[in-house]
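Listed below, chain by chain, are the residues.
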Amino acid sequence: MKKSENIVVGISIGDLNGIGGEVVLKTFEDDRILEFCTPVIFASSKTIAYLKKHFQSEINFNDINKISDLVLGKVNVLNCWSEIVTIDFGKEDLKIGEYAIKSLEAATKALKNGDVDVLVTAPINKHNIQSDKFNFPGHTDYLAKELEGESLMFMVSDSLRIGLLTDHVPVKDIVEHITSHLIEKKINTVYHSLQNDFNINRPKIAVLGINPHTGDNGVIGHEDDTVMRPTLNKLKESGKLVYGPYAADSFFGSNNYKNFDAIIASYHDQGLIPFKTLSFGQGVNYTAGLNKVRTSPDHGTAYEIAGKGIADENSFKEAVFMAIQIFKNRLDYKQLTSNPLKKGERKEYDN
């Protein structure tokens, strides 16, 4: 099997007391997925063996100590630690948070070095990962520091794509963060991602307002009139198909979202509540705008069902499929745009 035909998927194991390990095992129990990707789980063979036994999984894996030893078309477990980890499903544990970061850092390093092609992250607990050495609200902020580009949280399913102007920002601080510069930067990131990652040539983008009813002409806030609309008009004049701001309360219930290739929400819950309502279990959290591809499932650690063997792996599986497809789309886009014909130039063919 050739490397070019089999994409190497790096997987950070996430919080071991959550459902991450279970959904990873369930995803790769189906050998058919190994025909077009090679998973590398950044954890330890002892840990994965324990999870395999606990969940009575039939998965087979290749135990490796360095990335160069991976076997294409097999599930590989790269040892990031050697000691036995005490797993207590459903419990928040600072030590488990340390292992989640060990896995993430090793997987990110492999991604930066080109040892893996894409990264899929299992859920972490944002509280127990905090330390003097690691002080990030979550995956997205950490990867934005480690990788190149302008990161954007992009929630994606078959029928819906929602990007965020602000993500993990307290509600009281949202308005301070939303500037004309931020709006323009985030819309350009979404626009480029739709072209580069999803093969959409002329994307149509809807933007949701900041205030209820987009401010009602200043009665419920002025930011939509003074910041949002002028910025959207500027982007329209540049040729982008950008529309809004739309009142968020009726936008999804009226099915208006189906008329656009992507929607940009002003803040976290404005976008994620409708997304998870419409797509939960099938959606993917994609970090758009970076030079490398990273996806994750649309759920968290789910401590309440951890260890019970009932977690649904579909969102994690979709995250793997989407990472692979975006990687391929980027290669196609790069090939198509690497040497375009100059304006007015045409090829001559021999008769």
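From a predicted model like this one, the values you see are computed outputs, not experimental measurements.

K.L.:
Any chance you could break down the packing of aromatic side chains for me, citing the residues and the numbers?
P.N.:
Tallying each qualifying case throughout the model produces 14 aromatic pairs. Plain terms: the ring middles of Phe-154 and Phe-198 are 6.1 Å apart, the flat faces sit at 90° to each other, and that makes the pair edge-to-face. Remark: Phe-198 occurs in the loop between helix H6 (180-196) and strand S8 (204-208) and Phe-154 occurs in strand S6 (residues 149-156); sequence separation between them is 44 residues. The class of Phe-154 is buried, set by a relative accessible area of 0%. Their ring planes at 80° and their centres at 5.3 Å tell us that Phe-251 and Phe-252 sit as a pair that is edge-to-face. Members of the aromatic cluster, joined through ring pairs, are Tyr-243, Tyr-246, Phe-251, Phe-252, Tyr-257 and Phe-260. Here Lys-204 stacks its cationic end above the ring of Phe-260, 5.5 Å away from the centre of that ring.

K.L.:
Describe helix H2 (residues 45-54), and please don't skip the residues or the numbers.
P.N.:
Here H2 has its buried residues at Ser-45, Thr-47, Ile-48 and Leu-51. What you see down the axis of H2 is that its buried residues fit within an arc of 160°, all on one side. The inward-facing, buried residues of H2 contact helix H1 (20-28), strand S2 (37-43), strand S3 (62-64) and strand S4 (76-79). A positive backbone phi angle near 50° is found at Gln-56, which sits one or two residues after H2.

K.L.:
Describe the sheet that holds S4, and please don't skip the residues or the numbers.
P.N.:
Adjacent strands of a sheet pair through backbone hydrogen bonds, lying either parallel or antiparallel. Pairing is mixed across the open sheet formed by twelve strands, whose spatial order is S3-S4-S2-S1-S5-S12-S11-S6-S7-S10-S8-S9. With partners counted over all chains shown, the strands left at the sheet margins are S3 and strand S9 (241-246), one partner each. Each neighbouring strand pair of the sheet contributes to a mean axis angle of 25°, computed without reference to strand direction. Relative to S9, S8 runs parallel, the two being bridged by four bridges. Note that in S9 the partner of Ala-206 across the bridge is Tyr-243. Across the sheet, H2 lies against S2, S3 and S4, angled at about 135° from S4, the strand it touches most.

K.L.:
Give me unusual backbone geometry: which residues, what numbers.
P.N.:
For the bond running from Gly-244 to Pro-245, omega is 5°, close enough to zero to count as cis. One can find Pro-245 in strand S9. Of note in this structure, Ala-302 is not a glycine but carries a positive phi near 50°. Structurally, Ala-302 can be placed in the loop between strand S12 (293-297) and helix H10 (314-337).

K.L.:
Quick rundown of the pairing of strand S7 (residues 161-164)? Include the residues and the values.
P.N.:
By the alternation rule, side chains of S7 split into Arg-161 and Gly-163 and Ile-162 and Leu-164, which are all buried. Of the strand pairs in this sheet, S6 and S7 are connected by three bridges, and their pairing is antiparallel. Looking at S7, one finds that Val-156 is bridged to Arg-161. Where S6 folds back onto S7 in an antiparallel hairpin, the turn is made up of four residues. Summarising the sheet, S7 and strand S10 (residues 262-265) pair through three bridges and their orientation is parallel. For Ile-162, the partnering residue across the bridge sits in S10 and is Ile-263.

K.L.:
An account of the pattern of salt bridges is requested, with residue identities and associated values reported.
P.N.:
Pairs may arise between side chains of opposite charge once their charged atoms sit close together. According to the stated counting rule, one finds twelve salt bridges in the structure shown. The residue Glu-150 makes a salt bridge to Lys-185 at a minimum N-O spacing of 3.5 Å. With Glu-150 in strand S6 and Lys-185 in helix H6, this pair connects stretches of sequence that are 35 residues apart. Since its relative accessible area comes to 42%, Glu-150 is described here as partly exposed. The salt bridge partner of Lys-234 is Glu-184, with a shortest N-O separation of 3.3 Å. Linking Lys-234 in helix H7 (residues 223-237) with Glu-184 in helix H6, this pair joins segments that are 50 residues apart in sequence. For Lys-234, a relative accessible area of 47% corresponds to the partly exposed category. For Glu-184, a relative accessible area of 22% puts it in the partly exposed group. Taken together, the salt bridges that share partners define one network made up of Lys-112, Lys-145 and Glu-146.

K.L.:
Account for the side chain of Ser-157, with residues named and values stated.
P.N.:
You can see Ser-157 is positioned in the loop between S6 and S7. With a relative accessible area of 7%, Ser-157 lands in the buried category. A polar side-chain atom of Ser-157 sits 3.1 Å from a polar atom in the side chain of Ser-279. With residues near it in sequence (within four places) discarded, Ser-157 still touches Phe-275, Ser-279, Gln-282 and Gly-283.

K.L.:
Explain the environment of Ala-43 to me, using residue names and the numbers behind them.
P.N.:
Inspection of the secondary structure assignment puts Ala-43 in strand S2. The class of Ala-43 is buried, set by a relative accessible area of 0%. Ala-43 sits 37 residues away from Cys-80 along the chain, and the two C-alpha atoms are 5.3 Å apart. In contact with Ala-43, not counting residues within four places along its chain, are Ile-13, Ile-48, Leu-78, Asn-79, Cys-80 and Trp-81.

Here is what the cut-offs are and how they apply
- Residues numbered from 1 in each chain as written.
- Predicted model: local features only at pLDDT ≥ 70, side-chain atom pairs only at ≥ 80, totals over all residues.
- Heavy atoms only, no water.
- Phe/Tyr/Trp six-rings, centres within 6.5 Å; stacked < 30°, edge-to-face > 60°.
- Helix = DSSP H or I, 4+ residues; strand = E, 2+ residues; numbered from the N terminus.
- Buried < 20%, exposed > 50% of the residue type's maximum accessible area, 1.4 Å probe, protein only.
- Lys NZ or Arg CZ within 6 Å of the ring centre and 35° of its normal.
- Arc of directions from axis to C-beta.
- Contact = heavy atoms within 4.5 Å.
- Pairing = 2+ DSSP bridges.
- Axes fitted to C-alpha atoms, helices over the stretch in contact; angles between N-to-C directions.
- Salt bridge = Lys/Arg side-chain N within 4 Å of Asp/Glu carboxyl O.
- Polar contact = N/O pair within 3.5 Å; in protein donor to acceptor, adjacent residues only side chain to side chain.

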